[in-house]
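# Structure assessment
What follows is each chain in one-letter form.
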Amino acid sequence: MNENASFLVLFLAPVKEYLADDAVSEILINGPSQIYIERNGCLEETDARFANEAQLKAAAVNIAKSVERQLDEAHPDLDARLPDGSRVHATIPPVSRCGTILSIRKFKKEMLTIDRLESFGSIPHDGVLLLNAIVKLRKNTIVSGGTSSGKTSVLNALSGLIPEKERILVLEDANELQLQQKHCVYFETRKPDKNGQGEFSIRDLVIASLRLRPDRLVIGEIRGGEALDLLQAMNTGHSGSMSTIHANSPVDALSRMETCAILSGANLPLNAIRMQVASAIDCVVYTMRLPDGSRKIVEIAEVLPLVNGEYALRSLMRWKTEEVAPDGTISGHFQLGEAPSFRDNAELLRLELPEYR
């Protein structure tokens, strides 16, 4: 048994079968006697139990120690990574009222490609052609969606379309992306130590990376003021960059980027920030986890210039739900929208696009 497996079995023995099950994507521990898993996109309650609160809290505390972090009354919240790359978040009393809360999002061992997304029915072949043209034409792209909608997986698949000859800098809070290209340089944020010192944030990484001659920046997720630095990088020659953001629609993704840019503290008028967002971001890929647990790219949209100071988008492709079966299964189809403005450029580079009317 390797070191990683020993670590998981030692502290998380009650849920070890779910850690080993590739069909399980998340393990949600709500106190010692209530454990749920997400399997194939659907939540299930399990019979697994920790012996008591003390055993569960000890597991969380030891996970914290393994990454040189503290989890105690003074620091009741933990965001960390297990040795196998899985993301773990823990909260202990008195912040949580039902005991220690532990959420584990498992690290996917298989590399997800755009072709596999097509085989899963997450995107049609026309969508694959569209995304390939977007990446090859170096369009700055934001993947948006709700929690657990598959944003990181889609970003990973999109990055696989980047030409091998380019230098890619990958910036993340937790190491999740698995790019296929050889010339990739990976960076990861650093949390502050127990004295609150030594933090190196995503914003610090974005600023530092611009001195390292990137052809493209791939950022795991935009959450705060780093949005403004990324927008400025996109507007000053770093085309073809990619990231994800939590948002509930393509236009909401632009509004969220705007809000995050404001959090940078820069004293810029709102209209100036909006102009930066609209000029920097070329396309938004919107992902969703449907009620039946399936995950799909439900819309690909092109960002247009501001109209009367408001964001404007052109829908290039979207998912249309037609029926919900009695068992909850959702059926529908993908439909093309308007042709992209970059159709002529795609033809010049001999990039195939869907047959728009």
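This is a predicted model, so every value here is computed, not measured.

### Overview of the environment of Gly99
Take Gly99: it is sitting in the loop between strand S5 (87-91) and strand S6 (101-105). Residues Gly99 and Asn235, spaced 136 residues apart in sequence, show a C-alpha to C-alpha distance of 47 Å. Setting aside chain neighbours within four positions, we find Gly99 in contact with Glu53, Thr91 and Pro93.

### A closer look at the pairing of strand S3 (residues 42-45)
In regular strands, side chains alternate between the two faces of the sheet. Here four bridges tie strand S2 (residues 35-39) to S3, and the two strands are oriented antiparallel to one another. Within the sheet, the bridge partner assigned to Ile37 lies in S3 and is Glu44. Between S2 and S3, which follow one another and run antiparallel, lie two residues, and Asn40 among them has a positive phi close to 55°.

### Concerning the pattern of salt bridges
Throughout the structure, instances matching the rule amount to 16 salt bridges. Between Arg289 and Glu38 there is a salt bridge whose closest N-O contact spans 2.2 Å. A residue pair is termed long-range when its members are at least 10 positions apart, and Arg289 in strand S12 (residues 283-289) and Glu38 in strand S2 qualify at 251 residues. On the basis of relative accessibility, which here comes to 2%, the residue Glu38 falls in the buried class. One network of salt bridges, in which partners are shared, links Asp21, Arg39 and Glu44.

### Overview of the packing of helix H8 (residues 226-234) against helix H10 (residues 270-280)
In the contact formed by H8 and H10, the axes pass within 9 Å of each other and the chain directions differ by 55°. In terms of their interaxial angle, H8 and H10 are classed as oblique. Classified by chirality, the crossing of H10 by H8 is left-handed. Between H8 and H10, the contacting residues are Leu228, Leu231, Gln232 and Met234 on the first element and Gln276, Val277 and Ala280 on the second.

Procedures and definitions
Residues take numbers from 1 onward in each chain, read along the sequence in its written order. Predicted model: local features are reported for residues with pLDDT of at least 70 only, side-chain atom pairs are reported and counted for 80 or more only, and whole-chain, interface and lining totals are derived from all residues. Processing note: side-chain calculations cover all non-hydrogen atoms of the structure and skip hydrogens and water entirely. Note on conventions: DSSP H or I runs of at least 4 residues are helices, E runs of at least 2 residues are strands, and numbering of each starts at the N terminus. Contacts were defined at the residue level, with two residues in contact if any of their heavy atoms lie within 4.5 Å. When DSSP finds two or more bridges between a pair of strands, those strands are recorded as paired. Salt bridge, as used here, is a side-chain nitrogen of Lys or Arg placed within 4 Å of a carboxyl oxygen of Asp or Glu. Three labels apply to residues, based on accessible area from a 1.4 Å probe with only protein chains included: buried if under 20% of the type maximum, exposed if over 50%, partly exposed otherwise in between. To get an axis, a line is fitted to the C-alpha atoms, and for a helix only the part in contact is used. The angle between two axes follows their N-to-C directions and goes from 0 to 180 degrees. Here is the rule for angles: anything less than 35 degrees is roughly parallel, anything more than 145 is roughly antiparallel, 65 through 115 is roughly perpendicular, and the remaining ranges are oblique. Handedness of each helix crossing follows the sense of rotation of the near helix against the far helix: counterclockwise by less than a right angle gives left-handed, clockwise gives right-handed.

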